[in-house]
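Each chain is listed here by its residues.
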Amino acid sequence: MPDDKSDRSPWYWLLLVPVVIPLMTFLYNADEPRLLGLPLFYWLQIAFIALGVATTTLVYRMTRRRP
């Protein structure tokens, strides 16, 4: 019985986004704008976490096996 499991979905490339975006320091190398008194660096780090969660959830939903 051949194994039909393949982990070669193009959706997995999307997982590079939350890894590469935070490495682009020019995006958050500033003090302004401030959000609720927090400098850009701090609130953008929280936004990167949300980006990672959203991307991982999207990839999971698009690649999960349906019975």
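In case you missed it, the structure is sitting above this.
Just so it is clear, the model here is predicted, and its values are computed rather than measured.

About the thresholds
- Residues numbered from 1 in each chain as written.
- Predicted model: local features only at pLDDT ≥ 70, side-chain atom pairs only at ≥ 80, totals over all residues.
- Heavy atoms only, no water.
- Helix = DSSP H or I, 4+ residues; strand = E, 2+ residues; numbered from the N terminus.
- Polar contact = N/O pair within 3.5 Å; in protein donor to acceptor, adjacent residues only side chain to side chain.
- Contact = heavy atoms within 4.5 Å.
- Salt bridge = Lys/Arg side-chain N within 4 Å of Asp/Glu carboxyl O.
- Phe/Tyr/Trp six-rings, centres within 6.5 Å; stacked < 30°, edge-to-face > 60°.
- Buried < 20%, exposed > 50% of the residue type's maximum accessible area, 1.4 Å probe, protein only.
- Patch = residues over 30% accessible without salt bridge, like charges linked within 9 Å, V, L, I, M, F, W, Y side chains within 5 Å.
- Areas by Shrake-Rupley, 256 points an atom, 1.4 Å probe, with all protein chains shown as cover.

I'm lost on the side chain of Thr 63 in this one. Help?
Within the element layout of this structure, Thr 63 appears in helix H2 (residues 40–63). Looking at Thr 63, its side chain comes within polar contact range of the main-chain oxygen of Val 59, at 2.7 Å. Those residues in contact with Thr 63 that lie beyond four places of it in its chain are Ser 9, Trp 11 and Tyr 12.

Even after reading the chapter, I still don't get the pattern of salt bridges, so can you show me in this structure?
A side chain with one charge can pair with a side chain of the opposite charge if their charged atoms come near. Tallying each qualifying case throughout the model produces two salt bridges. For Arg 34, the salt bridge is made with Asp 31, and the minimal N-O distance between the two is 3.1 Å. The network of salt bridges with common partners includes Asp 31, Glu 32 and Arg 34.

I tried to follow the side chain of Thr 55 on my own but got confused; where do I start?
Along the chain, the position of Thr 55 falls in helix H2. Apart from the residues within four sequence positions on either side, Thr 55 is in contact with Leu 14, Leu 15 and Pro 18.

Looking at this structure, I do not really get the packing of aromatic side chains. What am I missing?
Pairs of aromatic rings are described using the distance from one ring centre to the other and the angle between the two planes. Using the criterion set out here, one finds three aromatic pairs in the structure. Between Tyr 28 and Phe 41, the ring centres sit 5.5 Å apart and the planes meet at 50 degrees, which makes this aromatic pair tilted. Within this pair, whereas Tyr 28 is found in the loop between helix H1 (17–20) and H2, its partner Phe 41 is found in helix H2, the two being separated by 13 residues in sequence. Relative accessible area serves as the criterion here: at 12%, Tyr 28 is assigned to the buried category. Residue Phe 41 is classed as partly exposed on the basis of its relative accessible area of 36%. Pairwise contacts between aromatic rings join Tyr 28, Phe 41, Tyr 42 and Phe 48 into one cluster.

Can you walk me through a nonpolar patch on the surface in this structure?
On the surface, Trp 11, Leu 14, Val 17, Leu 58 and Met 62 cluster together into a nonpolar patch covering about 370 Å² of accessible area. Its place among the elements puts Val 17 in helix H1.

So what exactly am I meant to see when it comes to the environment of Arg 34 here?
Mapped onto the secondary structure, Arg 34 falls in the loop between H1 and H2. On the basis of relative accessibility, which here comes to 41%, the residue Arg 34 falls in the partly exposed class. What Arg 34 contacts, discounting residues up to four positions off in sequence, is Pro 39 and Trp 43. For Arg 34, the side chain forms a polar contact with the side chain of Asp 31, separated by 3.1 Å. A distance of 3.0 Å separates a polar side-chain atom of Arg 34 from the backbone oxygen of Gly 37.

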